[in-house]
Each structure stands twice: as C-alpha cells, then as structure tokens.
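Chain by chain, the residues:
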Amino acid sequence: MDTTPPDTTRPRLHVSGRDEDSPPALAQAVSTGSLPNTERVAGLMQDALDRYRTLDDGAVADYIPSLGTADPALFGLAIVAVTGDAHAVGDSDHLFSIQSISKAFVFALVCEALGHDSVWRTIGVNNTGLPFNSVIAVELNGGRPMNPMVNAGALATTALVPGDSPSTRWAFVRDGLSAFAGRTLEMDPEVYASESAANQRNQAIARLLQSYGHLTGDPLEVTDVYTMQCSLLVSADDLAVMAATLANGGVNPVTGRRVVSEEVCADTLAVMATTGLYEMSGEWLFEVGMPGKSGVSGGIITIAPGKGGLATFSPRLDGAGNSVRGQSATRFLSKALGLNLFASRPVA
Ligand code: GLN
C-alpha cells in the first residue's frame, strides 16, 4: 500500500503509515482517573451555568437564515461519564441542529469504514489557520481539503461515505450519528431548507475540490448529504452521550453498543484537538486542554478520554463561530473537574 502522506505545499511530519508498522497497543492505554463524585459534578455544573448565564457577548449566526431565529438566552450543559452517569443543567434538552459538530462523528464513521491511512491521505489532519468556510485555504494548500473539521474537509469526508446512492449514504450518516447518540436522530426540515437555499459557498468549495481531483462523486449531491447531516436535531443531553462514546473507546456508555473502534476514537480526538475549534484551536487547547468540536448553532462538545463527554449549548458566537458561553463554561469545568489532559504532578 502507498503510505505517502498528502502532497500539500506545507511542510509535514514524516512518519510511515501506522497501519503497517504500529506496535501492539498497551492494555491500559487510556488517560488516568475518573470524574469527581456525583455531588461535586452536579454542584460545579450549576456553578458554571450561574457564572456565565449573564454573559451576553457575541451574536447568533444568521448566515443560515433559520439559525438567526434562535433564542440567545438559551444555555444548557450536560455531562455523561463513561459509566453512563449523566448530569445536566439549564436548557440541556432543547433541540437544535448539530451543524459542524457532525463533522467529528462522520469523520469517525468514515475512518471506521475506510481505515486510518486512506482517510489521512485523502483528507489530511493539519489546521488551516483560517475560518471554517475558507476557500483560500484550499487554494493555499494545492487544492487539498486539509482537515475534516472545516467545511472543505468535511465535504471531502462526506464524499467518502460508503453507499451506491445519496439515500444509502445519508442512511449511513444518520444511522451512525444515531448510534453515537443512542436514539434515532431526526433532521430539522426547516434548517435543511434554509441552509440548502443559502449554501452556494459550500457548493463552490465542493466544486473547487473536485477541480483539483480531491472530491469523489457529484459535488452537489455531496453538499446535499452534508447539509442534511448538519440539520440533524440534537440536544446538549444527546451531544454529551455522543461525546462520551468517543471518551469510552467507541462504546456508547448508555446503550452499551460499540459504534467505532478504540483506534478510530483516538484518531478522531487527535484531529479535534488540532482543528475542532477552527483557527482558535490553539487557544482552546491552551485554555481547556482537551479535544473539542463546535458548531454554528451554538453547541460545543469536549472529550475527557477515559472519563466522559461534556456538551454545552448557547447560541451567541464569537467571530470564529464558537459559542461564547460554551467556551467559558467548558474552560471553568475543565479546571474545576481536573480534566486538562496536559496536567501532571511529580511522583511522590
Ligand atoms: N452547516 C454549516 C456550514 O456549512 C456548518 C458550519 C459550522 O457549524 N461551523 O456552514
């Protein structure tokens, strides 16, 4: 198998393909410890809600017209531990369209279907340093989609979804995301219609990738399945289960069903860490110390591997398209619950 990494114009890490020469996995290859006890988690979540519910910076996204009608006061937080224990405060059961958070889960499902090397070669895993809907990022990188968490890479990832028709590919995406959530997810027809009428930019990105030979299939069909995946309705409660599945080596801690492999979880979390909050991913990692993924409807998921998944929902966004209250609440909870993956203490 050809293990040459993507031929981008940027310098890149030179390692050979993992599928051929990886060492055997360690038996205990997970981050250490568990979440604090139930009372402490519940108390700190309420504290996070109270601290940031009056934070009114940012604006609700309206470039997809139906998103502009969201109530900016909504604010919900949910945590699901790898044990399945769940805690939620505020508007955690409010349904909203998943938007870009779908990118992480579709990437995981496609990695599971096609393998680490193939997805790495086709999509790439490096940050563009540019906004999520950047066209110039494609041009600056030799027509490459660069990573699966921005629109170009997400469109190229959705193009890799197995299936012989758009409806079978859509069923693969919807069933897969539903398995992560542990319930059948439904599409919001209004959000889908609104984004379909306004997504000429995504259609253009898909065509641009096709012109460089980096998108398989019909660009408009691919954009349509991508728009449907972004229109799936979820709550913060759902997103916390989905995040906890990535924290739990790919097994949904509520249903007990395996959705993806442990290796695919590690690959997905790595890409989320470098690119999940777009061009703000460095600052996110610096402040929060965990992989996350945001979406323009106001959701953010954060994963503490081996511990659990956190989801926040609040529609006001900063300039990069990340929820303002969600970032503050996640930063607070990361510190308060001791979740930063880079934290260590000297041995006694
Ligand atoms: N569906 C949205 C888009 O393509 C998703 C963007 C996002 O959540 N950042 O523009």
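Below is a short write-up of the structure. (Residues numbered from 1 in each chain as written. Predicted model: local features only at pLDDT ≥ 70, side-chain atom pairs only at ≥ 80, totals over all residues. Heavy atoms only, no water.)

## Observations regarding the site of the ligand
Then, number 1: Residues in close proximity to the ligand include Tyr 63, Gln 99, Ser 100, Phe 132, Asn 151, Glu 195, Asn 202, Tyr 226, Cys 230, Tyr 278, Gly 295 and Val 296, which together make up its full environment.
Then, number 2: A distance of 3.1 Å separates an oxygen atom of the ligand from a polar side-chain atom of Asn 151.
Then, number 3: Protein contacts shield 99% of the accessible area of the ligand, which totals 300 Å² for the unbound molecule.
Then, number 4: A class-by-class count of the residues in the shell around the ligand yields 6 nonpolar, 5 polar and 1 charged. (Near = heavy atom within 4 Å. Polar contact = N/O pair within 3.5 Å; in protein donor to acceptor, adjacent residues only side chain to side chain. Areas by Shrake-Rupley, 256 points an atom, 1.4 Å probe, with all protein chains shown as cover. Nonpolar A, V, L, I, M, F, W, Y, C, P; charged D, E, K, R; others polar.)

## Focus on the environment of Gly 299
Then, number 1: Tracing the chain through its elements places Gly 299 in strand β7 (residues 299-304).
Then, number 2: The exposure class of Gly 299 is buried, given its relative accessible area of 1%.
Then, number 3: As a C-alpha pair, Gly 299 and His 214 span 85 residues in sequence and 29 Å in three-dimensional space.
Then, number 4: Non-local contacts of Gly 299, meaning those with residues more than four positions away in its chain, are made with Phe 96, Ile 101, Lys 293, Ser 294, Thr 312 and Phe 313. (Helix = DSSP H or I, 4+ residues; strand = E, 2+ residues; numbered from the N terminus. Buried < 20%, exposed > 50% of the residue type's maximum accessible area, 1.4 Å probe, protein only. Contact = heavy atoms within 4.5 Å.)

## A look at the sheet that holds β7
Then, number 1: Taken together, 5 strands build an open sheet; the order of strands is β3-β2-β8-β7-β6 and the sheet is antiparallel. Strand pairing shows two members of the sheet lacking a second neighbour, β3 (86-90) and β6 (292-294), which therefore form its edges. The average angle at which neighbouring strand axes cross in this sheet is 10°, direction not considered.
Then, number 2: Strand direction decides the pairing type here: strand β2 (residues 76-81) and strand β8 (residues 308-313), joined by 6 bridges, are antiparallel. By the bridge assignment, Val 80 is partnered in β8 with Gly 309.
Then, number 3: Running over the sheet, helix α2 (residues 38-52) touches β2 and β3 and is turned about 20° from β3. (Pairing = 2+ DSSP bridges. Axes fitted to C-alpha atoms, helices over the stretch in contact; angles between N-to-C directions.)

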